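# Structure at a glance
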Amino acid sequence: MNLTTVYAVLVVAIVFEVLGTSAMQAAQHFTRLVPTVTMIVCYAIAFFFLSWSLRYVPVGIAYAIWSGLGIVLISVVGYFVFDQKLDLAAIVGLGLIIAGVLVLNLFSKSTFH
């Protein structure tokens, strides 16, 4: 399997995880049916694609990328969709998470086997 395909599958997993987390916010403690069902479906799809990527990427690396990019993306969604504010410390922290994901992917020999 080529590197582009493996990371594309991981990105699909991340996107569905972010959609699921966004639906969780909209579900309002599981009191709204459509967002709750959307959340469950999105998480199922996300875990399916994450598990597929684990055939080729070590679990620690895949989870670091998954969680790091997921945190950044859900923060962006929270800012634009749910009007949640980010202060300077949050922005710096998110930048450090992005830097960590970049270091893993650009310099680690553990990212693909």
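See the structure above.
Residues numbered from 1 in each chain as written. Predicted model: local features only at pLDDT ≥ 70, side-chain atom pairs only at ≥ 80, totals over all residues. Heavy atoms only, no water.

## Section: the side chain of glutamate 17
Basically, it comes down to this: The helix count covers DSSP runs of H or I at least four residues long, the strand count covers runs of E at least two residues long, and both are numbered beginning at the N terminus. Only protein chains enter the accessibility calculation, which uses a 1.4 Å probe. A residue is then buried if its area is under 20% of the maximum for its type, exposed if over 50%, and partly exposed in between. Lys and Arg are tallied as positive, Asp and Glu as negative. Neither His nor the chain termini are counted. Should a side-chain nitrogen of Lys or Arg be within 4 Å of a carboxyl oxygen of Asp or Glu, the pair is scored as a salt bridge.
Structurally, glutamate 17 can be placed in helix H1 (residues 3-27). Despite its burial, glutamate 17 pairs with no opposite charge; the closest candidate is arginine 32, at 18 Å N-O.

## Quick look at unusual backbone geometry
For glutamine 28, which is not glycine, the phi torsion reads 50° and is therefore positive. Tracing the backbone shows glutamine 28 in the loop between H1 and helix H2 (33-53). Residue classification places glutamine 28 among the partly exposed residues on the basis of a relative accessible area of 46%.

## Some remarks on the pattern of salt bridges
Evaluation of the coordinates by the stated rule reveals one salt bridge. Residue lysine 85 pairs with aspartate 83 through a salt bridge whose shortest N-O separation is 2.8 Å.

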